[in-house]
Amino acid sequence: MDDETVGPDLNPTEDKRERRWRLAIGADDETSSALSAEDRRLSAALDALYGDGEATGDPRKRRGGLGRSAPRVAQWMGDIRSFFPEQVVQVVQKDAFERLNLKQMLMEPEFLKAIEADVNLVADLVSLRSAMPEKTKDIARSIISDIVAKLMQRLEQKTAEAIRGALDRSRRTSRPRQRDIDWPRTIAANLRHYQPDHKTVVPEKLVGFMRRQRRLVDLDEVTLCVDQSGSMASSVIYASIFAAVMASLPVVRTKLVCFDTAIVDLTEELSDPVEVLFGVQLGGGTDINQAVAYCAERIERPTKAHFVLVTDLYEGGDGKELLRRLAALVRSGVNVIVLLALTDQGRPGYDPSMAGLVAALSIPVFACTPDHFPDMMAAALRREDIGAWAAAADIKLIRADTEAPKTDA
């Protein structure tokens, strides 16, 4: 256990050795003179989650049992946040959901007010919303709104900059956006307005670069087709937010389709990311082929279309037909990309056999983080080699299965 993650004033000196062991093993905390009152509170918070869970006759050795009381859990969450940094809080929180089945606590308003919010919490709230009482549902919506706002702030600017495209430096304008101002030319054009008292130039005329403008008919189509089965929960959250960001940009036409064994077209809701998330139905089986067929029918101009399929490729429908549909999209000129995950986590779980077969269709198949996604979309819109982009970004692509069957229509 790191010194920095077990509370204040913890130094690896000899006289602190017993304190560290007591906190690590949680033994006889109540009677140990090595632990202060604050130490015992920290130890109790850790014991509630990581203890052995056995109820014995000795109260000092009872472990586990945050119980069913929301105020008690809320207090526990408050203790955890007071002792650990945010990154550690989220790890402990995730362990609590898995070890103590705390999803039931998400039904309690007091618990929701105390919990540290992150993408995984959004997924849990979305999956449980239909069972929530109205009072809890209002709080859940507020929490989701706050998380979405933070994620939008983190992702929006980079996405917009990447997708809008490069500046057209061959053309100038006197009404540039602030980020497009050509400062050397602007200063040179306004030297006569130098203010000695302030030691600066007050620009009367701005000189900047123009951006490439395209007519609506020339816009690229981007379809995000997202697997909303339980294993893909975090990917759905990020994909929905990216779709909302992209839909706000006038340079692309964005569609969002989520699926399990049913299909939910959320394109019309993209102006409100929170409403999009409340339209997601997390869980259920997976029929990827059906979803690809739905999206393919709605692609208007294949040579201007980009189809991003976010799925772990565990197909519950017709796998051979899925491969044929994807191959047909590639032949028609659609830029097809398969993301096995769109999350901050590491290596995703996926069907390696199906992934290899899809890769054999000359479709890039890989996992992507939210930080990489804007650059990936920018490269896709420029019709760059996504394999080369991934290599430059140190992202490993799935290797093609050389035993892939023929997919002739």
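Residues numbered from 1 in each chain as written. Predicted model: local features only at pLDDT ≥ 70, side-chain atom pairs only at ≥ 80, totals over all residues. Heavy atoms only, no water.

Enquirer: A description of a negative patch on the surface should follow, citing residues and the corresponding values.
Expert: A surface patch of like charges, here negative, comprises Asp-265, Glu-268, Glu-269 and Asp-272. Mapped onto the elements of the fold, Asp-272 is located in the loop between strand E7 (263-265) and helix H10 (273-278). (Patch = residues over 30% accessible without salt bridge, like charges linked within 9 Å, V, L, I, M, F, W, Y side chains within 5 Å. Areas by Shrake-Rupley, 256 points an atom, 1.4 Å probe, with all protein chains shown as cover. Salt bridge = Lys/Arg side-chain N within 4 Å of Asp/Glu carboxyl O. Lys, Arg positive; Asp, Glu negative; His and termini not counted. Charge placed at Lys NZ, Arg CZ, Asp CG, Glu CD. Helix = DSSP H or I, 4+ residues; strand = E, 2+ residues; numbered from the N terminus.)

Enquirer: Explain helix H12 (residues 319-332) to me, and be specific about the residues and the numbers.
Expert: The end-to-end C-alpha separation of H12 is 20 Å, in line with the 20 Å expected for 14 residues at 1.5 Å each. Within the span of H12, buried status applies to Gly-319, Leu-322, Leu-323, Leu-326, Ala-327 and Leu-329. Down the axis of H12, the buried side of the element spans an arc of 155 degrees, and every buried residue falls inside it. You can read the cap of H12 off the contacts: a side-chain oxygen lies 3.2 Å from the backbone nitrogen of Lys-320, and it is on Asp-318. Looking at the residues trailing H12, positive phi occurs at Gly-333, about 105 degrees. (Expected span 1.5 Å × (residues − 1). Buried < 20%, exposed > 50% of the residue type's maximum accessible area, 1.4 Å probe, protein only. Arc of directions from axis to C-beta. Polar contact = N/O pair within 3.5 Å; in protein donor to acceptor, adjacent residues only side chain to side chain.)

Enquirer: Describe the nonpolar core, with residues and values.
Expert: If you look at the biggest cluster of nonpolar residues, it comprises 61 residues, and the most contacted ones within it are Ile-144, Leu-256, Leu-339, Phe-366 and Phe-373. Apart from residues lying up to four places away in sequence, Ile-144 is in contact with Val-122, Leu-125, Val-126, Val-274, Leu-277 and Phe-278. Counting 31 residues, the second-largest nonpolar core is a separate cluster that includes Cys-225, Ala-291, Ile-299 and Ala-359. (Core = buried A, V, L, I, M, F, W, Y, C linked by side-chain atoms within 4.5 Å. Contact = heavy atoms within 4.5 Å.)

Enquirer: If you had to explain unusual backbone geometry to someone new, which residues and values would you point to?
Expert: One non-glycine residue, Arg-383, lies in positive phi territory at about 60 degrees. The class for Arg-383 is partly exposed, based on a relative accessible area of 38%. Of note, Asp-394 is a non-glycine position whose phi angle comes to about 60 degrees, a positive value. Within the secondary structure, Asp-394 is located in the segment after helix H15 (386-392). On the accessibility criterion, Asp-394 (73% relative accessible area) is exposed.

Enquirer: Kindly report on the environment of Phe-278, identifying the contributing residues and their values.
Expert: Looking at the secondary structure, you find Phe-278 in helix H10. Put simply, Phe-278 and Arg-141 are 137 residues apart on the chain and 8.5 Å apart in space, counted from C-alpha to C-alpha.

Enquirer: Describe a nonpolar patch on the surface, listing the residues and the values that go with them.
Expert: A cluster of nonpolar side chains, namely Trp-183, Ile-187 and Leu-191, defines an oily patch on the protein surface of about 320 Å² accessible area. Mapped onto the secondary structure, Trp-183 falls in helix H8 (residues 183-189). The exposure class assigned to Trp-183 is partly exposed, which follows from its relative accessible area of 44%.

Enquirer: I'd love a proper account of the pattern of salt bridges, names of residues and values included.
Expert: The tally for this structure, following the rule as stated, stands at eight salt bridges. Put simply, Glu-321 and Arg-325 hold a salt bridge, and the shortest N to O gap is 3.7 Å. Within this pair, Glu-321 and its partner Arg-325 are both found in helix H12, separated by four residues, close to a single helical turn. For Glu-321, a relative accessible area of 22% corresponds to the partly exposed category. Across the pair Arg-382 and Glu-384 runs a salt bridge, and its minimum N-O distance is 2.6 Å. Taking relative accessible area as the criterion, Glu-384 reaches 35% and is therefore assigned partly exposed. Within this structure, Glu-321, Arg-324 and Arg-325 form a network of salt bridges that share partners.

Enquirer: How would you explain the confidence of the model for the protein chain if you had to name every residue and give the values?
Expert: This prediction gives the protein chain a mean pLDDT of 76; 65% of its residues lie at or above 70. When the criterion is pLDDT under 50, residues 53-74 qualifies, and its contacts beyond four places in sequence or with other chains add up to 43 contacts. (pLDDT = per-residue confidence, 0-100.)

Enquirer: Now, about the environment of Glu-315: what can you tell me, with residues and values included?
Expert: Its location among the elements puts Glu-315 in the loop between strand E8 (305-310) and H12. The class of Glu-315 is buried, set by a relative accessible area of 17%. Separated by 55 residues in sequence, Glu-315 and Asp-260 have C-alpha atoms that sit 9.9 Å apart. Apart from the residues within four sequence positions on either side, Glu-315 is in contact with Thr-286, Asp-287, Ile-288, Asn-289, Leu-322 and Met-354. A polar atom in the side chain of Glu-315 sits 2.8 Å from the backbone nitrogen of Ile-288.

Enquirer: Could you give me a rundown of the packing of aromatic side chains, with the residues and numbers involved?
Expert: Overall, the coordinates contain two aromatic pairs when judged by the stated rule. Consider the rings of Phe-242 and Phe-373, whose centres lie 4.4 Å apart with planes at 35 degrees: the pair is tilted. Here Phe-373 lies in helix H14 (residues 373-381) and Phe-242 lies in helix H9 (residues 233-247), a separation of 131 residues in the sequence. On the basis of relative accessible area, Phe-373 is assigned to the buried category, the value being 1%. On the numbers, 6.2 Å between centres and 50 degrees between planes, the contact of Phe-366 with Trp-389 is tilted. In this pair, Phe-366 sits in strand E10 (residues 365-368) while Trp-389 sits in helix H15, placing the two residues 23 residues apart along the sequence. For the pair shown, Phe-366 and Trp-389 are each scored as buried. The cationic tip of Arg-298 hangs over the ring face of Tyr-294; the distance from NZ or CZ to the ring centre is 3.5 Å. (Phe/Tyr/Trp six-rings, centres within 6.5 Å; stacked < 30°, edge-to-face > 60°. Lys NZ or Arg CZ within 6 Å of the ring centre and 35° of its normal.)

Enquirer: I'd like to hear about the sheet that holds strand E5 (residues 220-227), residue by residue, with values.
Expert: Adjacent strands of a sheet pair through backbone hydrogen bonds, lying either parallel or antiparallel. Pairing within the open sheet is mixed, and its six strands lie in the order E7-E6-E5-E8-E9-E10. Strands with a single pairing partner mark the edges of an open sheet, and in this sheet they are E7 and E10. For this sheet, the mean inter-axis angle between neighbouring strands, taken without regard to orientation, is 25 degrees. In the sheet, strand E9 (residues 335-342) pairs with E10 via three bridges, with the strands oriented parallel. Looking at E10, one finds that Leu-342 is bridged to Cys-368. (Pairing = 2+ DSSP bridges. Axes fitted to C-alpha atoms, helices over the stretch in contact; angles between N-to-C directions.)

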